[in-house]
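Report on the structure
What follows is each chain in one-letter form.
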Amino acid sequence: MKLIEHFVNGKITSGKSNRTGKIFNPATGSQEGEVKLGSKEDLNTAVEVAKKAFNEWSAKPPIARARIIFKYKELIEKHSDEITKMIVSEHGKVYEDAKGSLTRGLEVVEFACGIPQMLKGEFTENVGTNIDSWSMRQPLGVCAGITPFNFPAMVPMWMFPMAIACGNTFVLKPSEKDPSCSLRLAELFREAGLPDGVFNVVNGDKEVVDAILTNKDIQAVSFVGSTPIAKYIYENAAKNEKRVQALGGAKNHCVVMPDCDLDQAVNGLMGAAYGSAGERCMAQSVAVAVGNIGDKLVASLAKKVEALKIGPGLDKTSEMGPLVTKEHLEKVKGYVDLGVKEGAKLVVDGRNIKMQGYENGFYIGGCLFDHVKKDMRIYKEEIFGPVLSVVRARDFEEATQLINDHEYGNGTSIYTRDGDVGRTFANKIKVGMVGINIPIPVPVAFHSFGGWKRSLFGDQHMHGPEGVRFYTKLKTVTSRWPSGVRSNPEFIMPTMK
Ligand code: NAD
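Residues numbered from 1 in each chain as written. Predicted model: local features only at pLDDT ≥ 70, side-chain atom pairs only at ≥ 80, totals over all residues. Heavy atoms only, no water.

What follows concerns the sheet that holds strand β4 (residues 20-25). One open sheet accounts for 3 strands, arranged β1-β5-β4; its pairing is mixed. Each end of this open sheet is capped by a strand with a single partner; those strands are β1 (2-4) and β4. Taking each pair of neighbouring strands and ignoring which way they run, the sheet shows an average axis angle of 35 degrees. Here β1 pairs with strand β5 (residues 30-36) via 3 bridges, running parallel. Looking at the pairing, Leu3 lines up with Glu34 of β5. (Pairing = 2+ DSSP bridges. Helix = DSSP H or I, 4+ residues; strand = E, 2+ residues; numbered from the N terminus. Axes fitted to C-alpha atoms, helices over the stretch in contact; angles between N-to-C directions.)

Below you can see the structure in the form of structure tokens.
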């Protein structure tokens, strides 16, 4: 059985802790590996290494850092099939979807290649007579990332390429459910020429997370995961004087207007609700059917949900793979049971599918609820599985009110042929990422990713321009080179003349 260890100072290391966690293949349900669960000491060792590496790395010209990142991009492309298979075997999602998520991570690496341009400062000649002033952005030091199970390559790649391009060093704590590809990504970065100690991976659970939050040498923490843990990270990182961005859970609504192209809306919803078995923070888990479109929408969705091809991720014909663990499968099934009890109409029930040859895999079929009401727990809480709830709304105003009243504000979209309605939606909705006739409005790498309300604690979104701001601090210099003129002491607040 394979043992997944840590990556510190340019090599795989076993660390001091002997605790381990189990790694399953969700498609078969069998345990295929063990991951080391690091200790506080293991984390502190990695931070010391990263702190030492910072001096030299931060002094390297941005163009020299960019050249290494260019090589890294090529290596990731070359090893894309290998990394994709690692994602499939530990997460369960289907191959093409896993590959797409790796490509989305790679796009951040591509964006990071342009770091010399992004770090350019601002300059003003003569802010006062013969006085110049300029602002520059400098790296922070050691930064840390804590990531969720659902995007084992993409989400870490939202963080470390940006932090490292900016001149920081980095310690990543990946999800303990699917940690393998993080180690491979670290090895490839080293192969691209990254100096030892700049990028480190410490596997583990709460113990490593708490060690990150209390380590005095970590300057900034990036987190992606569920809302209760995001809040915990935000509060504790701030208490320990760190910069923090903590992205949390979601309940994304897709508004289906009566004038929309129904085929487009249904196909969009199918991918957005059931792709990656609903284990996406940008999954659309609520469809808001406006006016009289509800019956047609549900009938059309039901046919497609029943026809979903469910199977192992490496089977090219599978459209939807298993869930990540048995516990998660039980949790999702529990929510479907709850929805029935709460009085929603279960139009398609995927709870009892049997997979021939994969009887122990963590599979559930697509589930579709209709007539879900806003006081039901299946409406209020994040299920994170292939369960779509249809809510009926009288009109556009009621639909937007539902979204604005919800505690989460990660993503949302609207299907309509009316430009005025689309624009008003984008303008008024209290959500961080909005799609108009786009089912999963994940911003590309050169824009920034982040939600509103309880989907993000902190000020800066991830990657893109906000990523550069998060991983750098601003310094402003005011300078004069007087020659010959001697000035007298001035005791008043200086003003520019
Ligand atoms: P999670 O919150 O359980 O775990 C995330 C990370 O926190 C993991 O590295 C885990 O080891 C650590 N962790 C878990 N419990 C902890 C505890 N008690 N104390 C300290 N650390 C702890 O999330 P998950 O189940 O891995 O991922 C799914 C969640 O992530 C969903 O809620 C999903 O919406 C969210 N997510 C959000 C985004 C986003 O961009 N907003 C993106 C992807 C996933």
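Another aspect to go through is the domain arrangement of the protein chain. Domain annotation of the protein chain identifies domain 1 (2-248 + 455-477) and domain 2 (252-436). Computed over C-alpha atoms only, the centres of domain 1 and domain 2 are separated by 31 Å. Listed by partner, the interface residues are 21 residues for domain 1 and 25 residues for domain 2. Of the roughly 1,900 Å² buried between domain 1 and domain 2 on both sides combined, carbon and sulfur atoms contribute 65%. Of all residues in domain 1, Ala27, Val94 and Ser455 bury the most surface against domain 2, accounting for 25% of the area lost on that side. If you look at where domain 1 meets domain 2, you find 1 salt bridge. Of the charged contacts, one joins Arg280 and Asp97 as a salt bridge, the two residues approaching to 2.9 Å between their closest N and O atoms. Summed over the shared surface of domain 1 and domain 2, the number is 9 residue pairs in polar contact (both at pLDDT 80 or more). Listed by contribution, the elements that provide at least two residues to the side of domain 1 that touches domain 2 are β4, α3 (80-91) and α4 (95-112). (Domains from an automatic or database assignment. Contact = heavy atoms within 4.5 Å. Buried area = accessible area lost by both parts, 1.4 Å probe. Salt bridge = Lys/Arg side-chain N within 4 Å of Asp/Glu carboxyl O. Polar contact = N/O pair within 3.5 Å; in protein donor to acceptor, adjacent residues only side chain to side chain.)

The strand order across the open sheet formed by 7 strands is β15-β16-β17-β14-β13-β19-β20, and the pairing between neighbours is mixed. Looking at which strands have only one partner, the edges of the open sheet turn out to be β15 (345-348) and β20 (433-436). The mean inter-strand angle of the sheet, taken between neighbouring strand axes irrespective of direction, is 20 degrees. Lying on the sheet, helix α15 (residues 419-428) is in contact with β13 (252-256), β19 (411-415) and β20; it crosses β20 at an angle near 175 degrees.

Counted under the stated rule, the structure contains 25 salt bridges. Put simply, Lys326 and Glu330 hold a salt bridge, and the shortest N to O gap is 3.8 Å. Linking Lys326 with Glu330, this pair stays in helix α12 (residues 326-342), spanning 4 residues, or about one helical turn. Using a relative accessible area of 48% as the deciding quantity, one classes Lys326 as partly exposed. (Buried < 20%, exposed > 50% of the residue type's maximum accessible area, 1.4 Å probe, protein only.)

On to the side chain of His6, then. Take His6: it is sitting in strand β2 (residues 6-8). Of the residues examined, His6 reaches a relative accessible area of 2% and is grouped as buried. Looking at His6, its side chain comes within polar contact range of the main-chain nitrogen of Asn203, at 3.0 Å.

With that out of the way, let us pick up the site of the ligand. Taken together, 26 residues form the shell around the ligand, and within it Lys173, Glu176, Ser226, Gly248 and Glu382 come nearest. Between an oxygen atom of the ligand and a main-chain N or O atom of Gly225, the distance comes to 3.3 Å. Take Gly248: an N or O atom from its main chain is 2.7 Å from a nitrogen atom of the ligand. Calculation on the ligand without its partners gives an accessible area of 850 Å², and the protein chains cover 87% of this total. Its atoms largely coinciding with the cavity grid, the ligand occupies the largest pocket. Tallied by class, residues from the shell around the ligand come to 14 nonpolar, 8 polar and 4 charged. (Near = heavy atom within 4 Å. Areas by Shrake-Rupley, 256 points an atom, 1.4 Å probe, with all protein chains shown as cover. 1 Å grid on protein atoms, 1.4 Å probe; cavity = no way out; pocket = protein on both sides within 12 Å on 5 of 7 lines; lining within 4 Å. Sits in = over half its atoms within 2 Å of the grid points. Nonpolar A, V, L, I, M, F, W, Y, C, P; charged D, E, K, R; others polar.)

One non-glycine residue, Asn9, lies in positive phi territory at about 55 degrees. Summarising the element assignment, Asn9 is placed in the loop between β2 and β3 (11-13). The backbone of Ser276 shows a phi angle near 55 degrees, a positive value even though the residue is not glycine. Its place among the elements puts Ser276 in the loop between α10 (262-274) and β14 (284-290). Accessibility expressed as a relative area gives 6% for Ser276, which makes it buried.

Attention shifts here to the packing of α4 against helix α6 (residues 154-165). As a packed pair, α4 and α6 sit with axes 8 Å apart at the nearest point and diverge in direction by 10 degrees. If you check the angle between α4 and α6, you find them roughly parallel. Residues Ser101, Leu102, Arg104, Gly105, Leu106, Val108, Val109, Phe111 and Ala112 of α4 form the contact with α6, whose participating residues are Met154, Met157, Trp158, Pro161, Met162 and Ala165. When grouped by side-chain class, the residues that make up the contact of α4 with α6 number 12 nonpolar, 2 polar and 1 charged. (Parallel < 35°, antiparallel > 145°, perpendicular 65-115°, else oblique.)

Take the pairing of strand β16 (residues 367-370) next. Of the two faces of β16, the one holding Cys367 and Phe369 and the one holding Leu368 and Asp370 are both buried throughout. Pairing geometry for β16 and strand β17 (residues 387-393), over 3 bridges, is parallel. Bridge assignment links Phe369 to a residue of β17, and that residue is Ser389.

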